[in-house]
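A closer look at the structure
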Amino acid sequence: MERLVERLENAVERLEMVCQRPGMCEDGSSKGAAQYVQAFDALLAGPVAEYIKISKEVGGDVQKHAEMVHAGLMSERALLVMASQHQQPAENAFSSLLKPISEQIQVVQNFREKNRGSKLFNHLSAVSESIPALGWVAMAPKPAPYVKEMTDAAMFYTNRILKEYKDVDKKHVDWVKAYLSIWTELQGYIKEYHTTGLTWSKTGPVATEGSKSPSAPQAGAAPPPPGPPPPPAPAPTSSSTDDSASRSALFAQINRGEGITSGLRHVSDDMKTHKNPALKNQGGPVRSGPKPFTAPKPSCNANNPSPKTSPKAPALLELEGKKWRVENQENASNLVISDTELKQVAYVFKCTNSTLQIKGKINSITLDNCKKLGLVFDDVVGIVEIINSRDVKVQVMGKVPTISINKTDGCHVYLSKNSLDCEIVSAKSSEMNVLIPTEGGDFTEFPVPEQFKTVWNGQKLVTTVTEIAG
């Protein structure tokens, strides 16, 4: 009996959560709306409500992030309602209609970047990497595969969460299942109602930027994140490591098709110099060499400061709780962490042309977005992860069970005699070499394969390393 009451209470809580949003459940259901809007409401009342509920139980940054995700989903619902009542708009108007979704994607990702020291950083990263899936509405003719691609981008971090909490706290395992189920259900929803792209009404007025939908999220929207909202058209970040961030800022523009050439001017034959030689002499004498280089004048507009003048992020080397944070170090050749404990982890982010030595035994080390970094450490009981980096060298003085190399170009791993049983897992990386110590104290270098051959043997796929003779 108690279990039955608990299930009823959970069901009521989900319905109340959905009905708090304007335009939904106004008469006890979304009756009267288009069928695909009702199906989207079912997704909100199911997987999304479960994700919000468990995020609230986890609390902290995860709960705040979930509220931002919910706001993005409600912006998407408003667009779906508009599409069900309006005909497809012109391309420039459609880009404007997509702005609320694009901006909310940016809000979610900015929250992750501002909270890199969070104890729940893997949760924030899983959401941030996959939230561009909301841009499926602009991804004709294959919106469902795009959502799948974004979901796969979150798997790296969700696997880390499962590994960390599997035997510790089942709540986080349930959180992963609930979150991933949103995108799984969304793929099925898209395949059924929007197979080749967002479905617009065949009747009604043409949608414009000023069009209103009765369900635009206003009163019940999630609270704004800390700090000012992003500008209407955020520019892609300078980092080359976060493809999903730049993609989310531009997804409204990448599916224009033949419309891309609509602004080009037609050049007739009488305007072409090779068909009308007389045009060559109309512009005065032709220069015999290239135009001298002139440096661009600096802008003096105080209202539009150049992004190059923005202050650099501060360099950090500090212990925050059980995490050593080493961030934004440049040309630092003597970075040392010596007072370590077994439960501590080290997170090294955006360090360039520097060397770091970690003494003692710690739980794990992560290198993220580093360039020309040298790392020397004694012992790690968990894993050393190298992500989104370039030209890094890692030397093991003691033991380490696993080294993971992901999205990295140029990585040299120097193993010690005690760490020869280390497992090295690599993905989407190149120019990897493992150096094995010899009896004479030198190292022998072995390349890690980057190219593979897969064949069907009649029963299963068999993958082997492809050796290319030089």
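Calculation rules
- Residues numbered from 1 in each chain as written.
- Predicted model: local features only at pLDDT ≥ 70, side-chain atom pairs only at ≥ 80, totals over all residues.
- Heavy atoms only, no water.
- Helix = DSSP H or I, 4+ residues; strand = E, 2+ residues; numbered from the N terminus.
- Expected span 1.5 Å × (residues − 1).
- Polar contact = N/O pair within 3.5 Å; in protein donor to acceptor, adjacent residues only side chain to side chain.
- Core = buried A, V, L, I, M, F, W, Y, C linked by side-chain atoms within 4.5 Å.
- Buried < 20%, exposed > 50% of the residue type's maximum accessible area, 1.4 Å probe, protein only.
- Contact = heavy atoms within 4.5 Å.
- Salt bridge = Lys/Arg side-chain N within 4 Å of Asp/Glu carboxyl O.
- Phe/Tyr/Trp six-rings, centres within 6.5 Å; stacked < 30°, edge-to-face > 60°.
- Lys NZ or Arg CZ within 6 Å of the ring centre and 35° of its normal.
- Pairing = 2+ DSSP bridges.
- Axes fitted to C-alpha atoms, helices over the stretch in contact; angles between N-to-C directions.
- pLDDT = per-residue confidence, 0-100.

Points about helix H8 (residues 170–193)
The first and last C-alpha atoms of H8 sit 35 Å apart over 24 residues, in line with the 34 Å expected at 1.5 Å per residue. In this structure Asp169 caps H8, since a side-chain oxygen of it lies 3.0 Å from the backbone nitrogen of Lys171.

Digging into the nonpolar core
By size, the foremost hydrophobic cluster in this structure holds 60 residues, and its most contacted members are Tyr51, Trp136, Trp175, Trp183, Leu186, Tyr189 and Leu198. Secondary structure elements with two or more residues in this core: helix H2 (35–58), helix H3 (60–85), helix H4 (91–97), helix H5 (99–114), helix H6 (121–130), helix H7 (143–165) and H8. Among all residues touching Trp136, those that are not within four sequence positions of it are Glu76, Leu80, Pro143, Tyr146, Val147, Leu186, Tyr189, Ile190, His194 and Leu198. Among the nonpolar cores identified, the runner-up in size contains 33 residues, and Val394, Val396, Leu415 and Val434 belong to it.

Some thoughts on the pattern of salt bridges
A side chain of one charge can pair with a side chain of the opposite charge if their charged atoms are brought near each other. Tallied over the full model, the rule gives twelve salt bridges. For Arg325, the salt bridge identified is with Glu318, shortest N-O distance 3.8 Å. Taking the relative accessible area as the measure of exposure, Arg325 reaches 12% and is therefore buried. With a shortest N-O distance of 3.0 Å, Glu320 and Arg325 are connected by a salt bridge.

As for the packing of aromatic side chains
Geometry of an aromatic ring pair is reported as the spacing of the ring centres plus the angle between the planes. Tallying each qualifying case throughout the model produces twelve aromatic pairs. A connected cluster of aromatic rings, assembled from ring pairs, spans Phe40, Trp136, Tyr189 and Tyr193. Here Arg116 stacks its cationic end above the ring of Phe349, 3.9 Å away from the centre of that ring. Over the face of the ring belonging to Tyr347 we find Lys323, whose NZ or CZ atom lies 5.5 Å from the ring centre.

Concerning the side chain of Ser404
Assignment of secondary structure puts Ser404 in strand S10 (residues 402–406). According to the relative accessible area criterion, Ser404 is buried, its value standing at 12%.

Observations concerning H6
Every α-helical turn comprises 3.6 residues, leaving residues that sit three or four positions apart pointing alike. For H6, the tally of buried residues reaches ten of ten residues, placing the bulk of the element in the interior. The complete set of buried residues in H6 reads Phe121, Asn122, His123, Leu124, Ser125, Ala126, Val127, Ser128, Glu129 and Ser130.

Quick look at the sheet that holds strand S9 (residues 390–396)
Sheet strands associate in pairs through backbone hydrogen bonding, adopting either a parallel or an antiparallel arrangement. The mixed open sheet is built from seven strands, whose spatial order is S3-S5-S7-S9-S11-S13-S14. Edge positions in the open sheet fall to strand S3 (335–337) and strand S14 (443–447), since each of these has one partner strand only. Sheet twist, expressed as the mean angle between neighbouring strand axes with direction ignored, is 15°. As defined by bridge partners, S3 adjoins strand S5 (residues 352–362) across three bridges and the pair is classed as parallel. Across the sheet, the residue bridging to Val336 is Gln357, located in S5.

With respect to unusual backbone geometry
Comment: phi is negative for the bulk of residues other than glycine, and the bulk of peptide bonds are trans. In this chain, Ala140 is followed by Pro141 through a cis amide linkage whose omega measures 5°. Locating Pro141 in the fold gives a position in the loop between H6 and H7. One non-glycine residue with positive phi stands out, namely Lys350, at about 55°. Structurally, Lys350 can be placed in the loop between strand S4 (345–349) and S5.

Digging into the confidence of the model for the chain
Residues of the chain with pLDDT of at least 70 account for 70%, and the chain-wide mean is 79. Here residues 18–29 is a poorly scored stretch, pLDDT under 50, and it has 25 contacts once near neighbours within four places are set aside; other chains count. Low pLDDT (under 50) marks residues 283–308, which in the prediction has two contacts with non-local residues, meaning those over four places away or in another chain.

Comments concerning the pairing of S9
Sheet topology note: the strand S7 (residues 371–380)/S9 ladder contains six bridges and is parallel. Its bridge partner lying in S9, Leu373 is registered against Val392. The pairing of S9 with strand S11 (residues 409–414) spans five bridges and is parallel. Across the sheet, the residue bridging to Val392 is Cys411, located in S11.

Comments concerning the environment of Tyr36
With respect to the helices, strands and loops of the structure, Tyr36 is situated in helix H2. Among the residues examined, Tyr36 registers a relative accessible area of 9% and is labelled buried. For the pair Tyr36 and Val81, spaced 45 residues apart in sequence, the C-alpha to C-alpha distance is 9.0 Å. Leave out the neighbours within four places in its chain, and Tyr36 touches Leu80, Ala83, Ser84, Tyr189, Tyr193, His194 and Thr199. At 3.0 Å, the side chain of Tyr36 forms a polar contact with the backbone nitrogen of Ser84.

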